[in-house]
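So the chains spell out like this:
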Amino acid sequence: MMYCNCSGQCSCPDVAPQCPPGVSLVPDACSCCRVCAKQMGEFCTERDVCDPHKGLFCEFGSPINRRIGVCTAKGGATCVIGGMVYRSGESFQSSCKYQCTCLDGAVGCVPLCSMDIRLPSPDCPMPHRVKVPGKCCEEWVCDAPQHTNSFVGSVLAAYREEETYGPDPSMMRENCLVQTTEWSACSKTCGLGISTRVTNDNRECRLEKQSRLCMVRPCESHMEQSIRKGKKCIRTPRVSKPMKFEISGCTTTKSYRPKFCGVCTDGRCCTPHRTTTLPMEFKCPDGQVMKKQMMFIKTCACHYNCPGENDIFESMYYKKMLGDMA
């Protein structure tokens, strides 16, 4: 029997488990340890919780027998992708490169292939990705220069000459050019999502992926009702009352009045244009405090370059976001 017995002290692993792509890391039913949430159709118990971010709950079938249930989705709109219909909360692989989840009519995807970026270096001056036969994901290869003292040498010399310039001169090292990619589009069109970027702005000049929370707009916000008479869009509305953000049952210690991207009635969509990143503290039911970076919107742009309904590649359609490059 696996009844939820929360008596006694918590005994958790030193390192949190590594969940597969698209699977949430959530507190267990006792709010004691962090575990990988069970997914649609998987067996669940009162301790092994279903993924709350996908609207899943443990269906035991009978109120008497609460030993083992099956993760089931709460009522929500389905998604239609490539002629296939997916239920809300159901995960699927759209291709060998993406793992996607349907959530109340919206689709969110995470890449299964590595998104790392390799910058030029003395031992690899011209890195580029190539398609490998029999493999889905492209891999990095290094082309050896034909003449070591030619163009490549001058490029690397230029890197050394520029070592006193950059976001932080103390970060610049020999043969290291500090570079940072732009933040990616938010992984969700409404509700809390993730935005990422890659940088080598550290003392080891090592590429690392940074992430921040993001919210383009709240779900079910009904912003159309706020569009003024004679106007077709509400571009960057600010919430009227302070609000707190929540993730995995943990809420921010402070309240905020953020700006969100609005909506249009003429077929245009509004997406973030200028953003900034601020640190936030979340307090969990067990008293644990975690710090996260969060995107805050300064301005939004409304345009016709919009993704189609349930388009799994919707982030490619987003206008370029400015700011947060340092």
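Residues numbered from 1 in each chain as written. Predicted model: local features only at pLDDT ≥ 70, side-chain atom pairs only at ≥ 80, totals over all residues. Heavy atoms only, no water.

Peer 1: Can you walk me through the sheet that holds strand E3 (residues 43–44) in this structure?
Peer 2: The strands making up a sheet are joined through hydrogen bonds of the backbone, oriented either antiparallel or parallel. Within the open sheet, the three strands sit side by side as E3-E5-E4. Their pairing is antiparallel. In this open sheet, the two strands that pair with only one neighbour each are E3 and strand E4 (56–59). (Pairing = 2+ DSSP bridges. Helix = DSSP H or I, 4+ residues; strand = E, 2+ residues; numbered from the N terminus.)

Peer 1: Sorry, what's going on with a nonpolar patch on the surface here?
Peer 2: A contiguous nonpolar patch, built from Phe-43, Ile-68 and Val-70 and spanning about 300 Å² of accessible area, is present on the exposed surface. Position of Val-70 relative to the elements: it lies in strand E5 (residues 69–73). (Patch = residues over 30% accessible without salt bridge, like charges linked within 9 Å, V, L, I, M, F, W, Y side chains within 5 Å. Areas by Shrake-Rupley, 256 points an atom, 1.4 Å probe, with all protein chains shown as cover. Salt bridge = Lys/Arg side-chain N within 4 Å of Asp/Glu carboxyl O.)

Peer 1: How should I be thinking about the confidence of the model for the chain in this particular structure?
Peer 2: Low-pLDDT portions of the prediction should not be read for the details of their coordinates. In this model, the chain carries an average pLDDT of 75, and 77% of its residues clear a pLDDT of 70 or more. Here helix H1 (residues 151–161) stands out as the element of the chain with the lowest mean pLDDT, 35, in contrast to strand E17 (residues 250–252), whose mean of 91 is the highest. A low-confidence stretch, residues 147–173 stays under pLDDT 50, and its non-local contacts, those more than four residues away or across chains, total 27 contacts. Note on residues 308–322: pLDDT under 50 across the span, and 46 contacts to partners over four residues away in sequence or across chains. (pLDDT = per-residue confidence, 0-100. Contact = heavy atoms within 4.5 Å.)

Peer 1: For this particular structure, what's the right way to read the nonpolar core?
Peer 2: Burial of nonpolar side chains together is a common tendency in soluble globular proteins. Ranked by size, the top nonpolar core spans 18 residues in total, and within it Phe-245, Met-280, Phe-282, Met-290, Met-294 and Phe-296 carry the most contacts. Elements with a minimum of two residues in this core: strand E19 (269–283) and strand E20 (289–303). Per-element accounting of this core gives the leading share, three residues, to E20. If we ignore the near neighbours within four places in the chain, the residues touching Phe-245 are Leu-192, Met-215, Cys-250, Thr-251, Thr-252, Tyr-256, Pro-258, Met-280, Phe-282, Met-294 and Phe-296. In terms of nonpolar packing, the next biggest core, distinct from the first, is built from eleven residues, Val-216, Cys-261, Ile-297 and Cys-302 among them. (Core = buried A, V, L, I, M, F, W, Y, C linked by side-chain atoms within 4.5 Å. Buried < 20%, exposed > 50% of the residue type's maximum accessible area, 1.4 Å probe, protein only.)

Peer 1: For this particular structure, what's the right way to read the packing of aromatic side chains?
Peer 2: What characterises a pair of aromatic rings is the spacing of the ring centres plus the angle enclosed by the ring planes. Tallied over the full model, the rule gives four aromatic pairs. Relative to Tyr-256, the ring of Phe-245 has its centre 6.2 Å away and its plane inclined at 50 degrees; by these criteria the two rings are tilted. With Phe-245 in the loop between strand E15 (233–234) and strand E16 (246–247) and Tyr-256 in the loop between E17 and strand E18 (263–264), the pair connects residues that are eleven residues apart, well separated along the chain. Here Phe-245 falls in the buried class, since its relative accessible area comes to 3%. Arranged with centres 6.4 Å apart and planes meeting at 90 degrees, the rings of Phe-245 and Phe-296 form a pair that is edge-to-face. A residue pair is termed long-range when its members are at least 10 positions apart, and Phe-245 in the loop between E15 and E16 and Phe-296 in strand E20 qualify at 51 residues. Look at Phe-296 and you get buried, because its relative accessible area is 11%. Here the aromatic residues Phe-245, Tyr-256 and Phe-296 are joined through ring pairs into a cluster of three or more. (Phe/Tyr/Trp six-rings, centres within 6.5 Å; stacked < 30°, edge-to-face > 60°.)

Peer 1: For this particular structure, what's the right way to read the environment of Thr-251?
Peer 2: Checked against the element boundaries, Thr-251 lands in strand E17. Under the relative-accessibility criterion, Thr-251 is labelled partly exposed at 30%. Through-space distance from the C-alpha of Thr-251 to that of Pro-285 is 8.9 Å; in sequence the pair is 34 residues apart. Thr-251 has contacts with Phe-245, Glu-246, Glu-281, Phe-282 and Lys-283, leaving out every residue within four places of it along the chain.

Peer 1: Just checking my understanding: could you explain the environment of His-303 for this structure?
Peer 2: Mapping His-303 onto the fold places it in strand E20. By relative accessible area, His-303 is classed as buried at 7%.

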